[in-house]
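# Examining the three-dimensional arrangement
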Amino acid sequence: MEKEEIYRTFPGRLLIVGFGSIGTGVLPLILRHIGIPKERISIIAADNRGVSIAKKERVSFRIEPLLPDNYKKILGKYLRGKDFLLNLSVDVSSVDLIKYCQARGILYLDTVVEPWKGVYTDPKLSLSERSNYSLREAVLKLKKGSKGKTTAVVAHGANPGIVSHFVKRALLNIAKDTGHKTAAPKTREEWGALMQKLGVKTIHIAEYDSQVSSEPKKIGRFENTWSVDGFHSEGIGQPSELGWGTHEKHFPKDGHKHTYGCGAAIYLDRPGAKTVVRTWTPEHGHFLGRVVTHNESISIADYFTVRKGKKVVYQPTVHYAYRPCDAAMLSLEECLGNMSKLQDEQRILLEEITTGMDELGVLLMGHKKGAYWYGSQLTMEKTRKLAPYQNATGLQVTAGVLGAMVWAMENPTQGVVEADEIDFERVMEIIEPYMGQMVGKYTDWTPLTDREKTFADDIDAKDPWQFKNFRFS
Ligand code: NAD
């Protein structure tokens, strides 16, 4: 069988764990693109959200929450060697599920590295232990012994996920547009060398979600365009984190280095929901985004690090700059005002969205042409034409899941891999039809552009790309 055809007739079974906004959205894409009969697909979740969609699609659905003391028994009922575990849940340990799959030759994919429930909020753990850096280090440990074993793709949705591929595309575009003659790099070292040569200092995962609901946000309800639990955990339960570039001259007063691991990132003494930076996208121009911790802030910084011997000679600053939808902004404000306690009522917006776009891309700054944003502009209107049961935010994620599932099926013995390590052109080929418009745009914007002069402002005028210049609060 041709390699490209393998996913069209997948011989194993598929278990989807978690059937919230991402699970329900990805199911129709799987049924559309991956050759697997419905009888070989099972879904388990902790609650009955999505059950009507499972019924409509005639796919088996059971409420069976995975817990540290039952997950092996439950997974054993659904999976054996050469099957596929698609983990789209919250509160279930990615590390334990990956170990389970690697020991049995089961393919694995998740969209975020999750711990078991309660870890983000355990006051006994230090901020460093609650960080994505720490979660990623646990995955990197598994990676070491996984060479040649069954493929486990870690943290591959939109971001983390496809934005890693956007970075590579953006680099190649900048190289071409600045007259830098280069063949597409093949190794991690070559990619790092290219980014260093092009002079990229800082990368934002710059996202503006402008999807709006037909109804005003209900008081006492957290509304969002994707997992409320997920957003609350990473935005409030975990510290803000960022890949820390070698060009940075001003270490943040509230910043800390970890005492272990790859060393590519730092964390702040505050959550991402309270860490605001200036950023830019083509549709919105400049706006304020939040440095919510994400796996890709660390993995991208780590992947593009250049070393001479053991010494790090180049590393970009990388972080998320997220402007959630209006309803989520209000929900966040309400939640922070209530001592960060999550509202009892929650809603993921879908049918009630009237218009708006998720503009998700990477903003590469510091090179010859200043700043370059490359990414997806996907409207709700376009989303409705492309796929059912999801909003624009969801489709960017579910397309990423589909792309990495296909890649994993085509490359089943790659061990534990992150988005940065997989064939970006292959994944881009699969996801692009679902991205709306892919846009690449240069700008002369810097965080010092039109800077308010009224109040005292602590800036570094010599180098606009210092983290302290982006910081708003
Ligand atoms: P959601 O909150 O809508 O749904 C979560 C699902 O997990 C539900 O079906 C719930 O029943 C299930 N679940 C909870 N506890 C469970 C347990 N113990 N055992 C089994 N299932 C359990 O979340 P979502 O928006 O669908 O997001 C799913 C995951 O994807 C989250 O971890 C989220 O952070 C992540 N995500 C990643 C990206 C990305 O771009 N990488 C984007 C959005 C969401």
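Residues numbered from 1 in each chain as written. Predicted model: local features only at pLDDT ≥ 70, side-chain atom pairs only at ≥ 80, totals over all residues. Heavy atoms only, no water.

## Structural notes on the pattern of salt bridges
One pass over the full model with this rule turns up 23 salt bridges. With a closest N to O distance of 2.5 Å, E64 and K77 form a salt bridge. One end of the pair, E64, is in the loop between β3 (60-63) and α3 (71-78); the other, K77, is in helix α3, and 13 residues separate them in sequence. On the basis of relative accessibility, which here comes to 51%, the residue K77 falls in the exposed class. (Salt bridge = Lys/Arg side-chain N within 4 Å of Asp/Glu carboxyl O. Helix = DSSP H or I, 4+ residues; strand = E, 2+ residues; numbered from the N terminus. Buried < 20%, exposed > 50% of the residue type's maximum accessible area, 1.4 Å probe, protein only.)

## Points about the packing of aromatic side chains
Tallying each qualifying case throughout the model produces 18 aromatic pairs. Look at Y372 and Y442: their rings are 4.4 Å apart centre to centre, the planes differ by 35°, and that puts the pair in the tilted class. Taken as a pair, Y372 in strand β21 (residues 370-379) and Y442 in strand β23 (residues 437-443) lie far apart in primary sequence, 70 residues in all. Taken together, F222, W226, F231, Y320 and Y322 form an aromatic cluster joined through their ring pairs. The ring of Y100 has R104 lying over it, and the distance from NZ or CZ to the ring centre is 3.7 Å. (Phe/Tyr/Trp six-rings, centres within 6.5 Å; stacked < 30°, edge-to-face > 60°. Lys NZ or Arg CZ within 6 Å of the ring centre and 35° of its normal.)

## Topic: the domain arrangement of the protein
Taken domain by domain, the protein consists of domain 1 (8-154) and domain 2 (162-392 + 433-472). For domain 1 and domain 2, the distance between their C-alpha centres works out to 26 Å. Contacts between domain 1 and domain 2 engage 25 residues on the former and 32 residues on the latter. In this assembly, domain 1 packs against domain 2 so that about 2400 Å² is buried in total across both faces, 56% of it on carbon and sulfur atoms. Contact with domain 2 buries surface across domain 1, with N132, Y133 and R136 losing the most and accounting together for 30% of the total. Where domain 1 packs against domain 2, one counts one salt bridge. Residue D302 pairs with R136 through a salt bridge whose shortest N-O separation is 2.9 Å. The set of elements that each furnish at least two residues to the side of domain 1 that touches domain 2 consists of α1 (21-33), α2 (51-56) and α5 (132-144). (Domains from an automatic or database assignment. Contact = heavy atoms within 4.5 Å. Buried area = accessible area lost by both parts, 1.4 Å probe.)

## Some remarks on the site of the ligand
Within the structure, the ligand sits among 27 residues, and F19, S21, I22, T111 and A158 are positioned closest to it. R49 places a polar side-chain atom, nitrogen or oxygen, 3.4 Å from an oxygen atom of the ligand. Between V90 and the ligand, the recorded distance is 3.2 Å, taken from a backbone N or O atom to a nitrogen atom. Within the complex, 95% of the 860 Å² of free accessible area of the ligand lies under protein. (Near = heavy atom within 4 Å. Polar contact = N/O pair within 3.5 Å; in protein donor to acceptor, adjacent residues only side chain to side chain. Areas by Shrake-Rupley, 256 points an atom, 1.4 Å probe, with all protein chains shown as cover.)

## Things to note about the side chain of T279
Assignment of secondary structure puts T279 in strand β13 (residues 276-281). Here H204 takes part through its side chain, which lies 2.8 Å from a polar atom of the side chain of T279. Dropping the residues within four chain positions of it, T279 is found in contact with H204, A206, G285, H286, F287, G289, A321, L363 and W445.

## Some words on the packing of helix α6 (residues 162-177) against helix α7 (residues 188-198)
α7 packs onto α6 with a crossing angle of 50° between their chain directions and a minimal axis gap of 11 Å. By the angle between their axes, α6 is oblique relative to α7. Crossing of α6 over α7 shows left-handed handedness. The residues of α7 that touch α6, namely those facing V167, K168, L171, L172, I174 and A175, are W191, L194, M195 and L198. Grouping the constituent residues of the contact of α6 with α7 by class yields nine nonpolar, no polar and one charged. (Axes fitted to C-alpha atoms, helices over the stretch in contact; angles between N-to-C directions. Parallel < 35°, antiparallel > 145°, perpendicular 65-115°, else oblique. Left-handed = near helix turned anticlockwise from the far one by under 90°. Nonpolar A, V, L, I, M, F, W, Y, C, P; charged D, E, K, R; others polar.)

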